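Coordinates in review
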Amino acid sequence: MVDMCNHHGETEYANLLFKRVADPNAFLYNAMIRAYKHNKVYILAITVYKQMLGHSHGLMCYNLGKQVHGHAFKFGPKSNTVIENSLVEMYVKCDSLDDAHRVFEEMTERDAVSWNTLISGHVRLGQMRRARAIFEELQDKTIFSWTAIVSGYARIGCHAVALEFFRRMQMVGIELDEISLVSVLPACAQLGALELGKWIHIYADKAGFLRDICVCNALIEVYAKRGSMDEGRRLFDEMNERDVISWSTMIVGLANHGRAREAIELFQEMQKAKVEPNIITFVGLLSACAHAGLLNEGLGYFESMERDDNIEPGVEHYGCLVNLLGLSGRLDQALELIKKMPMKPNSAIWGLLLSSCRSHGNLKIAAIAMEHLLELEPDDTGNYVLLSNLYADLGKWDGVSRMRKLMSSKYMNKTPGCSSIEVDNMVQEFASGDDSKPFSKAIYRVLKLLVMHQSKIIEIMAHDIS
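We now turn to the structure provided with this report. (Residues numbered from 1 in each chain as written. Predicted model: local features only at pLDDT ≥ 70, side-chain atom pairs only at ≥ 80, totals over all residues. Heavy atoms only, no water.)

1. Quick word on the overall build of the chain
Here is the rule we go by: Numbering of helices and strands starts at the N terminus; helices are DSSP runs of H or I of at least 4 residues and strands are runs of E of at least 2. Any two residues having at least one pair of non-hydrogen atoms within 4.5 Å are treated as being in contact.
From N to C terminus, the chain includes 26 helices and two strands. Long-range pairs, those at least 24 residues apart, make up 54% of the contacts in the chain between residues at least 6 apart in sequence.

2. Quick notes on the packing of aromatic side chains
As a reminder, the rule being used: Any two rings among Phe, Tyr and Trp, with Trp reduced to its six-membered ring, count as a pair given centres within 6.5 Å; such a pair is stacked if its planes are under 30 degrees apart, edge-to-face if over 60, and tilted if neither. Remark: exposure states derive from per-residue accessible area (1.4 Å probe, protein chains only) relative to the maximum for the residue type, with buried under 20%, exposed over 50%, and partly exposed in between. Put simply, a charge is over a ring when the Lys NZ or the Arg CZ is close to the ring centre, within 6 Å, and near the line of the ring normal, within 35 degrees.
In total, this model carries 10 aromatic pairs according to the counting rule given. Ring geometry for Tyr153 and Phe165: centres 5.6 Å apart, planes at 20 degrees, overall stacked. In this pair, Tyr153 is assigned in helix 10 (residues 143-155) and Phe165 in helix 11 (residues 159-171), connecting sequence segments 12 residues apart. With respect to class, Tyr153 is no different from Phe165; both count as buried. Members of the aromatic cluster, connected to one another through ring pairs, are Phe135, Trp146, Tyr153 and Phe165. Its end group placed over the ring of Phe104, Arg110 keeps NZ or CZ at 4.3 Å from the ring centre. In this arrangement the basic side chain of Arg242 is found over the ring face of Phe236, its NZ or CZ atom lying 4.5 Å from the centre.

3. Thoughts on the nonpolar core
What counts, and what does not: Buried Ala, Val, Leu, Ile, Met, Phe, Trp, Tyr and Cys residues that are joined via side-chain atoms within 4.5 Å together make up what is termed a nonpolar core.
Grouped together as the largest cluster of nonpolar side chains are 109 residues, with contacts concentrated most on Ile119, Ile149, Leu163, Phe166, Ile200, Leu353 and Leu387. In terms of residues, this core owes the most to one element, helix 14 (residues 213-226), which gives eight residues. Setting aside anything within four residues of it in sequence, one finds Phe166 in contact with Val150, Leu176, Ser180, Leu181, Val184, Leu196, Trp199 and Ile200. Residues Tyr36, Ala45, Val48 and Met52 belong to the second largest nonpolar core, which totals seven residues.

4. Brief notes about the environment of Arg34
On the secondary structure map, Arg34 appears in helix 3 (residues 26-38). Spatially, the C-alpha atoms of Arg34 and Ala45 are 7.6 Å apart, while their sequence positions differ by 11 residues.

5. Here's the deal with helix 18 (residues 279-292)
Here is the rule we go by: For a helix, the expected span equals 1.5 Å multiplied by the residue count minus one. Residues adjacent in sequence count toward polar contacts only when both atoms are side-chain atoms; beyond that, a polar contact is any pair of N or O atoms within 3.5 Å, and within protein one must be able to donate a hydrogen and the other to accept it.
With 14 residues, helix 18 extends 20 Å from end C-alpha to end C-alpha; this agrees with the ideal 20 Å at 1.5 Å per step. Among all positions of helix 18, only Thr281, Phe282, Gly284, Leu285, Leu286, Ser287, Ala288, Cys289 and Ala290 are buried. Along its buried surface, helix 18 packs onto helix 16 (244-256), helix 17 (260-272), helix 19 (295-309) and helix 20 (315-327). Its side-chain oxygen at 3.0 Å from the backbone nitrogen of Ile280, Asn278 defines the N-terminal cap of helix 18.

6. Some thoughts on the packing of helix 9 (residues 128-137) against helix 11
Packed helix pairs are characterised by how far apart their axes lie and by the angle those axes make with each other. Inclusion rule: Fitted lines through C-alpha atoms serve as axes, helices being fitted only where they are in contact, and the angles separating the N-to-C directions of these axes extend from 0 to 180 degrees. Comment on the angle field: the value is read as roughly parallel under 35 degrees, roughly antiparallel over 145, roughly perpendicular from 65 to 115, and oblique elsewhere. Side-chain classes follow a simple rule in which Ala, Val, Leu, Ile, Met, Phe, Trp, Tyr, Cys and Pro form the nonpolar group, Asp, Glu, Lys and Arg form the charged group, and the remainder, Gly included, forms the polar group.
Where helix 9 meets helix 11, the axes come as close as 14 Å, and the angle between the chain directions of the two elements is 10 degrees. By the angle between their directions, the pair helix 9 and helix 11 is classed as roughly parallel. Contact residues: Arg132, Phe135 and Glu136 in helix 9; Val161, Glu164, Phe165 and Arg168 in helix 11. For the contact of helix 9 with helix 11, the per-class residue count stands at three nonpolar, no polar and four charged.

7. Some points on the packing of helix 6 (residues 81-93) against helix 7 (residues 97-106)
To keep it simple, the criterion reads: Crossing handedness is defined as follows: a turn of the near helix away from the far one that is anticlockwise and smaller than a right angle gives a left-handed crossing, while the clockwise case is right-handed.
Viewed as axis vectors pointing N to C, helix 6 and helix 7 meet at an angle of 165 degrees, and their least axial separation amounts to 7 Å. In terms of orientation, helix 6 and helix 7 fall into the roughly antiparallel class. The element helix 6 and its partner helix 7 pack so that their crossing is left-handed. Note on element contacts: helix 7 touches helix 6 through Leu97, Asp99, Ala100, Val103 and Phe104, opposite Glu84, Leu87, Val88, Tyr91 and Val92. Residue composition of the contact of helix 6 with helix 7, by class: eight nonpolar, no polar and two charged.

8. Details of the pattern of salt bridges
Defined as follows: We count a salt bridge whenever a side-chain nitrogen from Lys or Arg sits within 4 Å of a carboxyl oxygen from Asp or Glu.
Summed over the entire model, instances satisfying the criterion amount to 13 salt bridges. Notably, a salt bridge pairs Arg132 with Glu136, separated by 3.8 Å at the nearest N-O pair. Of this pair, Arg132 and Glu136 both sit in helix 9, four residues apart, which is roughly one turn of the helix. Judged by its relative accessible area of 27%, Arg132 falls in the partly exposed class. A relative accessible area of 33% places Glu136 in the partly exposed class. In the salt-bridge network here, residues are joined through shared partners; they are Arg132, Glu136, Glu164 and Arg168.

9. Remarks on a nonpolar patch on the surface
The cut-off we apply is this: Candidates for patches are residues over 30% relative accessible area with no salt bridge; among them, like charges are joined within 9 Å and nonpolar side chains (Val, Leu, Ile, Met, Phe, Trp, Tyr) within 5 Å. Areas reported as accessible are Shrake-Rupley estimates using a 1.4 Å probe. Residue values count occlusion only from the protein chains shown.
Residues Ile443, Tyr444, Val446, Leu447 and Leu450 make up a contiguous nonpolar surface patch of about 440 Å² in total accessible area. Looking at where Tyr444 falls in the secondary structure, it is placed in helix 26 (residues 440-465). Look at Tyr444 and you get partly exposed, because its relative accessible area is 41%.

10. What about the side chain of His317?
Positionally, His317 belongs in helix 20. Only 2.9 Å separates the side chain of His317 from the backbone nitrogen of Gly314, close enough to count as a polar contact. Not counting chain neighbours up to four residues away, the residues in contact with His317 comprise Ile279, Phe282, Val283, Leu286, Phe302 and Met305.

As structure tokens, then:
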């Protein structure tokens, strides 16, 4: 049809036909380019050509991209930054970063788009070492460059590094936008960097960014992770528009911090607002029921997921229900639920059951849970400690001795605890016995002084009492 329109000079009608195709293939692109070229509409021919170049990834047609590259090399200008950037982008979107690098290295002139496209390609694939090397080589870093690096490190769980780059971005005077704030807030949430989160909240308010739902949702998550639910609720109530993420984040936060009744009430408000819940909403709701010991309500919500909201329960929802039954002392019922799960129970499910067994002193079901945990995670010391403590609670010291010998035979050591502290918007993590920090000696000196001071006070108090 497009070729027929071309023959009769009907390029406008050909374009209408072309636009009606959701996923045009290589033949249709070539027919459209040929029609424009034949009818001397050269600007539109170039536009469709560039569209084809950018759409190669959508077609998942790496070979087409290679053909276009060869065509550009053979017939195009010797050096054209726009075409070369499009080629780099095409290869990046096809996950062919080696080819993207080859085009990039052969470019006689590179602009910010060239560098940022390559950085974003490595970030998307989680290749942060290569992304960082390119980033550090880039002289004129834009907000896109900084945001890509911050979001990349946050995505792979290197939250402290993400905050480090965010701080560097501020120091060089980059003006923050909504995307840069949303990229760093997950790192604040995971590390518990509440002060930085509050600073971003104030900045976003002054800049007018609180109109953006994504910014507000990310800030609520920071407050929820740190247990600052009053601040989170205030922000939630001030939002002009809320989506399912806004509601779910608040419900999960309230549930996790012992405010189960409020979480359930908020879910009821969500239903009145006609916002459809998602899988995260029900995780929060079922957790709230478990914390509050609301067995019947929890069972009701679990059943309503699939019946009323067409949401198939996942392993996390079964985990919440196992926890609810376990905390309510229904250990036999919890075990039967696990056996009937449509998916294989993971270590978290059996761990919840084992924990409930210790709370209710049920050694028989604990042994069943431990049997599965030994198969799924044989090197997790926490499970051995939990069962050993159950034996101790029941006065079965031979069991305690057996667990300790088993841990010794496997050369198992309990993972040291870790804590963090935020000072001047920087989060520092400390593990038990950790002396690797550059300021460790100073910290231990201060601790020694505090211990000496405390000992002196105790001596004075003892003297006064006598």
